[in-house]
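Listed here are the chains, written in short residue letters.
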Amino acid sequence: MLRFVLLWLMAVTVSFSGITAATVETEPKPAPTQPPVLNVVFLDQNEAQTADRVLTMADIQALPAAEFTTTTIWTEGEQQFRGVWLSDLMTYLEVSDGTIFFSALNEYMIEITLAEMVPGGPMLAYEWNGIPMSPRDKGPLWIVFPYDSDQKFQSESVYAQSIWQLDRIEVSR
Ligand SMILES: Nc1nc2c(c(=O)[nH]1)N[C@H]1C(S)=C(S)[C@@H](COP(=O)(O)O)O[C@H]1N2
Ligand SMILES: [Mo]
């Protein structure tokens, strides 16, 4: 009798796992979901959050791409950056007024004014010398300026605006 029970248990186990495997195989593959890389929060005059946009790398890479080559104070030699002008990012976010703060994984925070955000100015870079940046090398998002193109970009305040490991934008208006 015990033998029969054991055989029956084995049979049930085998057929059950068989069904499970078959079920898993026929299930549609879930759409590849990208992790969020940038959180944009909108605040009102009382610092209360009014809206929230979560962007993935694909969202950012779908915007018009910009590119420049420059030296930086953090690196040796010419560096190529690819990304999105902050001006284009603001257009996409429909931000045309207000105060904008950028903050990083380490809670470092700086302001860049809308007036400063022009093509040829600050860029949200997602590629450095042709490759995506890991958090270890200032990625995945680093705000960089074409430092060599204008002496005004070779200043302590612009270096301070060159925030790496950017993960959050706060728009107050
Ligand atoms: N994420 C992040 N970005 C940052 C900082 C920081 O602490 N964290 N420091 C800023 C400041 S104040 C300056 S002057 C420049 C130069 O920093 P470094 O001297 O550490 O290279 O990077 C800026 N970007
Ligand atoms: Mo600084």
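As the structure is a computational prediction, the values presented were derived from the model and not from experiment.

Novice: When you look at the pairing of strand β3 (residues 66-70) in this model, what are you seeing that I'm missing?
Specialist: The side chains of a regular strand alternate between the sheet's two faces. Side chains Ala-66, Phe-68 and Thr-70 of β3 all project onto a buried face; the interleaved residues Glu-67 and Thr-69 project onto a face where none is buried. With five bridges connecting them, β3 and strand β4 (residues 79-85) associate as antiparallel partners. Within β4, the position partnered with Thr-69 by the bridge is Gln-80.

Novice: How should the sheet that holds strand β5 (residues 99-104) be read in this particular structure?
Specialist: Adjacent strands of a sheet pair through backbone hydrogen bonds, lying either parallel or antiparallel. Pairing in this open sheet of five strands is mixed, and the strands run β2-β1-β10-β5-β6 from one edge to the other. Both edges of this open sheet fall to β2 (49-56) and β6 (109-111), since each of them pairs with a single strand only. When strand polarity is set aside, the average angle formed by the axes of neighbouring strands in this sheet is 20 degrees. Inspection of the sheet shows strand β1 (residues 36-43) paired to β2 by seven bridges, in the antiparallel sense. Residue Val-40 lies in a different strand from β2, and its bridge partner there is Arg-53. Sheet contacts for helix α3 (residues 86-93): β1, β2, β5 and β10 (166-172); angle to β2, the most-contacted strand, approximately 120 degrees.

Novice: Explain the environment of Gly-130 here, please?
Specialist: Positionally, Gly-130 belongs in the loop between β7 (123-128) and β8 (131-132). Measuring from C-alpha to C-alpha, the distance between Gly-130 and Phe-81 comes to 7.6 Å, with 49 residues separating the pair along the chain.

Novice: Could you clarify how one ought to interpret the pattern of salt bridges in this entry?
Specialist: Side-chain pairing between opposite charges can occur once the charged atoms of the two side chains come close. By the definition in use, this model includes three salt bridges. Residues Asp-150 and Lys-152 are paired through a salt bridge, measuring 3.7 Å at the closest nitrogen-oxygen approach. One salt bridge connects Arg-168 with Glu-170, and the closest N-O pair in it is separated by 3.0 Å. By relative accessible area, which is 28% here, Arg-168 ends up partly exposed. The exposure class assigned to Glu-170 is buried, which follows from its relative accessible area of 14%.

Novice: When you look at the nonpolar core in this model, what are you seeing that I'm missing?
Specialist: Grouped burial of nonpolar side chains is what soluble globular proteins tend to show. Core analysis: the largest hydrophobic core is formed by 43 residues, its most contacted members being Leu-38, Leu-89 and Phe-102. Here this core gets five residues from one element, more than from any other, and that element is β7. Residue contacts for Leu-89: discarding those within four places in its chain leaves Leu-55, Leu-63, Val-84, Leu-124 and Ile-169.

Novice: Looking at this model, I keep getting lost on the environment of Val-84. Mind explaining?
Specialist: For Val-84, the position within the fold is in strand β4. Accessibility expressed as a relative area gives 0% for Val-84, which makes it buried. Residues Val-84 and Glu-67, spaced 17 residues apart in sequence, show a C-alpha to C-alpha distance of 8.1 Å. In this structure, Val-84 is in contact with Ile-60, Leu-63, Pro-64, Leu-89, Met-123, Leu-124 and Tyr-126, ignoring residues within four places of it in sequence.

Novice: When you look at the packing of aromatic side chains in this model, what are you seeing that I'm missing?
Specialist: Two aromatic rings, taken as a pair, are described by how far apart their centres are and by the angle between their planes. Summed over the entire model, instances satisfying the criterion amount to 13 aromatic pairs. The interplanar angle of 20 degrees and the centroid separation of 5.8 Å between the aromatic rings of Phe-68 and Trp-85 together place this pair among those described as stacked. Here Phe-68 is found in strand β3, whereas its partner Trp-85 is found in strand β4, with 17 residues between them in sequence. Classification of Trp-85 by relative accessible area gives buried; the value is 15%. Seen in terms of ring centroids, Trp-74 and Trp-142 are 5.6 Å apart; in terms of plane orientation they differ by 70 degrees. Their pairing is edge-to-face. Residue Trp-74 is found in the loop between β3 and β4, and its partner Trp-142 is found in strand β9 (residues 142-144); the two are separated by 68 residues along the sequence. For Trp-142, a relative accessible area of 0% translates into the label buried. Here the aromatic cluster, defined as three or more aromatic residues joined through ring pairs, consists of Phe-68, Trp-74, Phe-81, Trp-85, Trp-128, Trp-142, Phe-145, Tyr-147, Phe-153, Tyr-159 and Trp-164. Above the face of the Trp-142 ring, Lys-138 is positioned so that its terminal group lies 5.8 Å from the ring centre.

Procedures and definitions
Residues numbered from 1 in each chain as written. Chains lettered and ligands numbered in written order. Predicted model: local features only at pLDDT ≥ 70, side-chain atom pairs only at ≥ 80, totals over all residues. Heavy atoms only, no water. Buried < 20%, exposed > 50% of the residue type's maximum accessible area, 1.4 Å probe, protein only. Helix = DSSP H or I, 4+ residues; strand = E, 2+ residues; numbered from the N terminus. Pairing = 2+ DSSP bridges. Axes fitted to C-alpha atoms, helices over the stretch in contact; angles between N-to-C directions. Contact = heavy atoms within 4.5 Å. Salt bridge = Lys/Arg side-chain N within 4 Å of Asp/Glu carboxyl O. Core = buried A, V, L, I, M, F, W, Y, C linked by side-chain atoms within 4.5 Å. Phe/Tyr/Trp six-rings, centres within 6.5 Å; stacked < 30°, edge-to-face > 60°. Lys NZ or Arg CZ within 6 Å of the ring centre and 35° of its normal.

That's the geometry; what it means functionally is another story.
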